[in-house]
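Reading the structure
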Amino acid sequence: PRRFAHGFSILANYQFAKAIDDSSAVKGTGITRTNPFDQRFDKGPADFDKRHVVNMSGLWELPIRFESRAVNTLLGGWSLNGIVSLWSGYPFTVGSGVDNARTGTGNQRADLIGDPYLPDDRPRDQEIAEWQNKAAFPTGGATLGTFGNLGRNVFRGPGYASVDLGLFKRFAFTERVGALLRFEAFNAFNRVNLQGPNATQNNANFMRTTAAEDPRILQFAFRLTF
């Protein structure tokens, strides 16, 4: 962190973490084990695991001053703050969507028979259409009588990056009466943050990304204190 001095301060932190469990949430069938004969079959990264997280925030009192008191009251004394949020993608599991094991349990997995990874330098539209190589997963999900050979949460979805900005000014009318005028922009640069792809193999949108996080959101606020 940089302490507030000369009208400026900044704070930054980095987190490296790894969360492992065997069930981040109860399965839709009410059964917490995909394979009731193997307790370790579901062990893997937690659904909420974010391996790398970077957060930065700053405050800058803009050096804008005017000789005229009236003009300075309106146009001077503004401050700018910002928050930068970056983190790596959440893990996801490729499920077969069918009961190949014939046990009645849900969330069984697909088999992997090829290289699931595609080039990282592909255009955005290709990433949206096919996040992992669909040809690496055989039609039908998994061999009959098995739960699939893929581990739980072995793949990662898209990362996240966003910048939030705020411009604000305080007004002091009397010792007890004041006001705060604030303009805010969330995801100020309108970056498209894709959500994870559809990972159910028997779904028509398998490995296609069909949703994204919030676009740019603008907000205006005025608060009177007394």
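These remarks concern the structure in this document. (Residues numbered from 1 in each chain as written. Predicted model: local features only at pLDDT ≥ 70, side-chain atom pairs only at ≥ 80, totals over all residues. Heavy atoms only, no water.)

Looking at the packing of aromatic side chains
One pass over the full model with this rule turns up nine aromatic pairs. A ring pair is formed by F92 and F155, whose centres lie 5.9 Å apart and whose planes are at 35°; its orientation type is tilted. Of this pair, F92 sits in strand β7 (residues 91–92) while F155 sits in strand β8 (residues 155–156), and the two are 63 residues apart along the sequence. With a relative accessible area of 10%, F92 lands in the buried category. According to the relative accessible area criterion, F155 is buried, its value standing at 3%. Between the aromatic rings of F183 and F220, the centroid separation amounts to 5.1 Å while the plane-to-plane angle is 45°, which identifies the pairing as tilted. Highlighted residues: F183 in strand β10 (residues 178–186) and F220 in strand β11 (residues 217–225), separated in sequence by 37 residues. Ring pairs connect the aromatic residues F92, Y117, F137, F155 and F206, which therefore count as one cluster. The ring of W87 is capped by K50, whose NZ or CZ atom sits 4.0 Å from the centre of that ring. (Phe/Tyr/Trp six-rings, centres within 6.5 Å; stacked < 30°, edge-to-face > 60°. Helix = DSSP H or I, 4+ residues; strand = E, 2+ residues; numbered from the N terminus. Buried < 20%, exposed > 50% of the residue type's maximum accessible area, 1.4 Å probe, protein only. Lys NZ or Arg CZ within 6 Å of the ring centre and 35° of its normal.)

A closer look at the pattern of salt bridges
This model, assessed by the stated rule, comprises seven salt bridges. A salt bridge links R109 to D42, with the shortest nitrogen-to-oxygen separation between them at 2.3 Å. Here R109 is found in the loop between β7 and α2 (124–129), whereas its partner D42 is found in the loop between β3 (20–21) and β4 (44–45), with 67 residues between them in sequence. The network of salt bridges with common partners includes D21, D47 and R152. (Salt bridge = Lys/Arg side-chain N within 4 Å of Asp/Glu carboxyl O.)

A few points about the pairing of strand β5 (residues 52–61)
Sheet topology note: the strand β2 (residues 8–16)/β5 ladder contains nine bridges and is antiparallel. Across the sheet, Y14 pairs through a bridge with V54, a residue of β5. Strand direction decides the pairing type here: β5 and strand β6 (residues 78–87), joined by nine bridges, are antiparallel. Of the residues in β6, the one forming a bridge with V54 is L86. (Pairing = 2+ DSSP bridges.)

Remarks on the pairing of β6
Here β6 runs beside strand β9 (residues 160–172); their pairing, made up of 10 bridges, is antiparallel. Its bridge partner being in β9, L80 is matched across the sheet by L167.

With respect to the side chain of N133
Residue placement: N133 occurs in the loop between α2 and β8. Polar contacts involving the side chain of N133 include one to the main-chain carbonyl oxygen of D115, which spans 3.0 Å. For N133, the side chain forms a polar contact with the main-chain nitrogen of A135, separated by 3.2 Å. What N133 contacts, discounting residues up to four positions off in sequence, is D115, P116 and L118. (Polar contact = N/O pair within 3.5 Å; in protein donor to acceptor, adjacent residues only side chain to side chain. Contact = heavy atoms within 4.5 Å.)

As for the layout of surface pockets
A volume near 740 Å³ is recorded for the largest pocket. In this structure, the largest pocket is lined by 38 residues; those nearest its centre are D47, P91, F92, T93 and N153. Split by residue class, the lining of the largest pocket holds 12 nonpolar, 19 polar and seven charged. The computed volume of the second largest pocket comes to approximately 210 Å³. In terms of lining residues, the second largest pocket is bounded by Y117, L118, P119, D120, R122, E127, W131, Q132, V154, F155 and R156. Here the residues of the lining of the second largest pocket are counted per class, giving six nonpolar, one polar and four charged. (1 Å grid on protein atoms, 1.4 Å probe; cavity = no way out; pocket = protein on both sides within 12 Å on 5 of 7 lines; lining within 4 Å. Points joined across faces, edges and corners; volume = space filled by probe spheres on them. Nonpolar A, V, L, I, M, F, W, Y, C, P; charged D, E, K, R; others polar.)

Some words on a nonpolar patch on the surface
Among the surface-exposed residues, L167, F173, F183, F220, F222, L224 and F226 lie close enough to one another that they form a single nonpolar patch of about 800 Å² accessible area. Along the chain, F226 turns up in the segment after β11. On the basis of relative accessibility, which here comes to 77%, the residue F226 falls in the exposed class. (Patch = residues over 30% accessible without salt bridge, like charges linked within 9 Å, V, L, I, M, F, W, Y side chains within 5 Å. Areas by Shrake-Rupley, 256 points an atom, 1.4 Å probe, with all protein chains shown as cover.)

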